[in-house]
Amino acid sequence: MKIAKTIVAEMAFPYAISVYGPDNEKRVICATQDKGGSICFDAVDGRVIESVWDEPGGTMTIWPVPGKDEFLATHQFHRGFQAEESHIVHVKRGHTGKYGYETCYTMPYLHRFTVTDIGDEKWLVAATLCKTKAFKDDWSTSGSIHVGKLQENLDNEITTTLLLDGITKNHGMYRGPHDDIPQVVVVTGVEGAFEIVLPLEPGGEWRTEQLLDNEISDIRIYDIDGDGVDELITIEEFHGSSMNIYKKTAEGYAKVTTVTLLPLVTLSGAVRFSGNPP
């Protein structure tokens, strides 16, 4: 099979990307972390379908609503940690057929979020980078984790409660399985990696456990060696230059591999589509 790569659009600092929409009409949305817009593509041939919004940008995360032509996305978390007005919007088509959005959750310095399933309920897990900043490199306040139930109408304002606080440079987030637990959320920062174990049913207890105690920027969990036990894959330190793999032992997680990452500087970007040539 031959693979062809084609530049289908130009965008400054493309960041968040996701596949969404009904199964028979899958689309791809890409949005900038800079001040600017987002573009919707056909998931099969990569052609540009339309612009979803022109501003304000600052999109860190996109969560597609399963089976629907709508999604949640962060707005106004701009480059350089300019995120005092960071919030989540619900994006969907209006009666005119054009995309529109309504703000459904506002939290200063909201950086990452995900949506989890607890029984037949959907819950928002939102992570903030910090509480406030006097200047770009001001890390005098810590980030926090907030959780809240989503209503059937996603345009409604989401109410959350504080679950976990005191994570400096709270940056990474993973949602997915971990060993025999079908769904966890893991967040990271200077103090380490913290696993959030969701209740098995609505009204149950939320649990947290610290997995690592060293500074972590980003994390993924996957059984790399196929032994049936998941490894932790991390980038260290904040926006760091090393990728590391940890294996589970009787005493906890032990680092078994370190790879030095090359520095990456991006001044502008292009959206590329890979697939079979038409």
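The structure we're discussing is the one just above.
Summary of the structure given here. (Residues numbered from 1 in each chain as written. Predicted model: local features only at pLDDT ≥ 70, side-chain atom pairs only at ≥ 80, totals over all residues. Heavy atoms only, no water.)

## Details of the sheet that holds strand E2 (residues 14–20)
Argument step 1. Strand order in the open sheet made by the four strands is E2-E3-E4-E5, with antiparallel pairing throughout. Each edge of the open sheet is held by one strand with a lone partner, namely E2 and strand E5 (48–53). Adjacent strand axes in the sheet meet at a mean angle of 25°, parallel and antiparallel pairs treated alike.
Argument step 2. As paired elements, E2 and strand E3 (residues 27–32) share six bridges and run antiparallel to each other. Each bridged residue has a counterpart across the sheet, and for Ile17 the counterpart in E3 is Cys30. (Pairing = 2+ DSSP bridges. Helix = DSSP H or I, 4+ residues; strand = E, 2+ residues; numbered from the N terminus. Axes fitted to C-alpha atoms, helices over the stretch in contact; angles between N-to-C directions.)

## Points about the packing of aromatic side chains
When we look at a pair of aromatic rings, we describe it by the centre distance and by the angle of the planes.
Argument step 1. Tallied over the full model, the rule gives seven aromatic pairs.
Argument step 2. Consider the rings of Phe81 and Phe238, whose centres lie 6.2 Å apart with planes at 45°: the pair is tilted. Separated by 157 residues along the polypeptide, Phe81 in the loop between strand E7 (71–75) and strand E8 (87–93) and Phe238 in the loop between strand E19 (231–236) and strand E20 (242–249) bring together distant segments of the chain. For the residue pair Phe81 and Phe238, the accessibility class agrees, reading buried in each case.
Argument step 3. On the accessibility criterion, Phe238 (17% relative accessible area) is buried.
Argument step 4. Taken together, the ring pairs connect Tyr20, Trp53, Phe71 and Tyr101 into an aromatic cluster. (Phe/Tyr/Trp six-rings, centres within 6.5 Å; stacked < 30°, edge-to-face > 60°. Buried < 20%, exposed > 50% of the residue type's maximum accessible area, 1.4 Å probe, protein only.)

## Side note on the pattern of salt bridges
Argument step 1. Across all of its chains, the model carries 17 salt bridges by this definition.
Argument step 2. Close ionic contact of Glu25 with Arg27 constitutes a salt bridge, the shortest N to O distance being 2.5 Å.
Argument step 3. Accessibility expressed as a relative area gives 40% for Glu25, which makes it partly exposed.
Argument step 4. If you follow the salt bridges from partner to partner, you end up with Glu25, Arg27, Glu50, Asp69 and Arg93 in one network. (Salt bridge = Lys/Arg side-chain N within 4 Å of Asp/Glu carboxyl O.)

## Some thoughts on the layout of surface pockets
Argument step 1. Looking at the second largest pocket, its volume works out to about 560 Å³.
Argument step 2. What lines the second largest pocket is a set of 24 residues, among which Phe113, Met173, Tyr174, Arg175 and Arg220 lie closest to the centre.
Argument step 3. Listed by contribution, the elements that provide at least two residues to the lining of the second largest pocket are strand E6 (62–64), strand E10 (110–118), strand E14 (173–178), strand E18 (218–222) and E19. (1 Å grid on protein atoms, 1.4 Å probe; cavity = no way out; pocket = protein on both sides within 12 Å on 5 of 7 lines; lining within 4 Å. Points joined across faces, edges and corners; volume = space filled by probe spheres on them.)

## Describing the environment of Thr159
Argument step 1. Within the fold, Thr159 resides in the loop between strand E12 (143–149) and strand E13 (161–167).
Argument step 2. Separated by 11 residues in sequence, Thr159 and Gly148 have C-alpha atoms that sit 5.6 Å apart.
Argument step 3. The contacts of Thr159, once residues within four sequence positions are left out, are Val147, Gly148 and Lys149. (Contact = heavy atoms within 4.5 Å.)

## A look at the environment of Ile181
Argument step 1. Tracing the backbone shows Ile181 in strand E15 (residues 181–189).
Argument step 2. In the structure, Ile181 is positioned 17 residues away from Leu198 in sequence and 9.4 Å away in space, judged by C-alpha atoms.

## A closer look at the side chain of His75
Argument step 1. Position of His75 among the secondary structure elements: in strand E7.
Argument step 2. Residue class for His75 comes out buried when judged on its relative accessible area of 0%.
Argument step 3. With sequence-adjacent residues up to four places away left out, His75 is seen in contact with Trp53, Pro56, Gly57, Gly58, Thr59, Glu85, Ser86, His87, Val89 and Tyr101.

## Observations concerning the state of the cysteines
Argument step 1. Evaluated as defined, the whole model comprises zero disulfides.
Argument step 2. Between Cys40, a cysteine without a disulfide, and Cys30, which holds the nearest cysteine sulfur, the sulfur-to-sulfur distance is 11 Å. (Disulfide = S-S within 2.5 Å.)

## A closer look at the sheet that holds E12
Argument step 1. The four strands lie next to each other as E10-E11-E12-E13, forming an open sheet whose pairing is antiparallel. Since the sheet does not close on itself, it has two edges, and those belong to E10 and E13, each with one partner. Neighbouring strand axes in the sheet, compared pairwise and without regard to direction, differ in orientation by 15° on average.
Argument step 2. For E10 and strand E11 (residues 121–128), the ladder comprises eight bridges, and the chain directions are antiparallel. From the neighbouring strand, Asp117 faces E11, where its bridge partner is Lys122.

By themselves, these figures tell us nothing about what the structure is for.
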